[in-house]
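Structure assessment
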Amino acid sequence: MITVNCREVPSIKSPLAVYASDKVGAVPALKLHEFVLAPVEDEEIDPADVITAIKMFLASIGHERHFAVIQKNRVITVVSLDGYKLDSFPQGRSDQFFSCVHCGHVTQFETIHNNHTKIHYL
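Position labels on residues start from 1 in each chain and follow its written sequence. Given that this is a predicted model, residues contribute local features only at a pLDDT of at least 70 and side-chain atom pairs are listed and counted only at 80 or more, while totals for whole chains, interfaces and linings are drawn from all residues. Derived side-chain values reflect all non-hydrogen atoms in the structure, with water molecules and hydrogen atoms excluded from consideration.

**Here's the deal with the packing of aromatic side chains**
Pairing of aromatic side chains requires ring centres within 6.5 Å, counting the rings of Phe and Tyr and the six-membered ring of Trp. Pairs whose planes differ by under 30 degrees are stacked, by over 60 edge-to-face, and all others tilted. For the structure on display, the rule yields 1 aromatic pair. Centroid distance Y19 to F57: 5.5 Å. Interplanar angle 55°. Geometry classified as tilted. Placement of Y19 in helix α1 (residues 13-24) and of F57 in helix α2 (residues 47-60) is noted, with a sequence separation of 38 residues between them. Secondary structure elements follow DSSP: runs of H or I of four or more residues count as helices, runs of E of two or more count as strands, with numbering from the N terminus.

If you want it as structure tokens, here you go:
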């Protein structure tokens, strides 16, 4: 399991958890100021893949230059480089996401979730 500390970026914690879990193939669990990524199977999650996913997410919202992603053991922290505060999630996205009760697959989009759930009933 890998813990991602989002204390300095609480407004993007949920969408970042969804994005990172999709990229590395893990199951996210949200906590107050962080989220945990657990492997779906017995294989370990590579922290370098999680760091890459976080950097890609920050680049996709145009804030990669304001934040650094630091790893210490199995904890990855997103820290502000210049005191920049990300008050709200840009592009009007929602913190809602859908989780599959069968396997833990997580997505922001209800239609993708509904289509995914159908696979379990084939």
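Text resumes after the structure shown.
**So, the sheet that holds strand β4 (residues 67-72)**
Whether two strands pair comes down to DSSP finding at least two bridges between them. In space, the 5 strands of this open sheet follow the order β2-β3-β1-β5-β4, with mixed pairing throughout. In this open sheet, the two strands that pair with only one neighbour each are β2 (26-30) and β4. Averaged over all pairs of adjacent strands, the angle between strand axes in this sheet comes to 20°, irrespective of strand direction. Both β2 and strand β3 (residues 34-39) contribute to a ladder of 5 bridges, which runs antiparallel. The residue bridging V27 from the neighbouring strand is A38, located in β3. In this analysis, axes come from line fits to C-alpha atoms, helices being fitted only over the stretch in contact, and the angle between any two N-to-C directions falls in the range 0 to 180 degrees.

**Let's talk about the packing of α1 against α2**
With their axes 9 Å apart at the nearest point, α1 and α2 run at an angle of 130° to one another. Looking at the two axes, α1 sits oblique to α2. The way α1 lies across α2 gives a crossing that is right-handed. Of α2, the residues touching α1 (which contributes P15, L16, Y19, A20, K23 and V24) are D49, V50, A53, I54, M56 and F57. When residue character is reported, Ala, Val, Leu, Ile, Met, Phe, Trp, Tyr, Cys and Pro are called nonpolar, Asp, Glu, Lys and Arg charged, and the others, Gly included, polar. Residue composition of the contact of α1 with α2, by class: 10 nonpolar, no polar and 2 charged. Roughly parallel means an angle under 35 degrees; roughly antiparallel means over 145; roughly perpendicular covers 65 to 115; every other angle is labelled oblique. Crossing handedness follows the turn of the near helix against the far one: under a right angle anticlockwise gives a left-handed crossing, and clockwise gives a right-handed one. Two residues qualify as a contact provided that any one of their heavy atoms is within 4.5 Å of a heavy atom in the partner residue.

**Side note on the environment of A20**
Summarising the element assignment, A20 is placed in helix α1. Burial status follows relative accessibility: with a 1.4 Å probe on protein chains alone, a residue under 20% of its type maximum counts as buried, one over 50% as exposed, and anything between as partly exposed. The exposure class of A20 is buried, given its relative accessible area of 0%. It is 23 Å that separates the C-alpha atoms of A20 and H120, two residues lying 100 residues apart in sequence. With near-sequence residues (within four places) excluded, A20 lies in contact with F35, L37 and A53.

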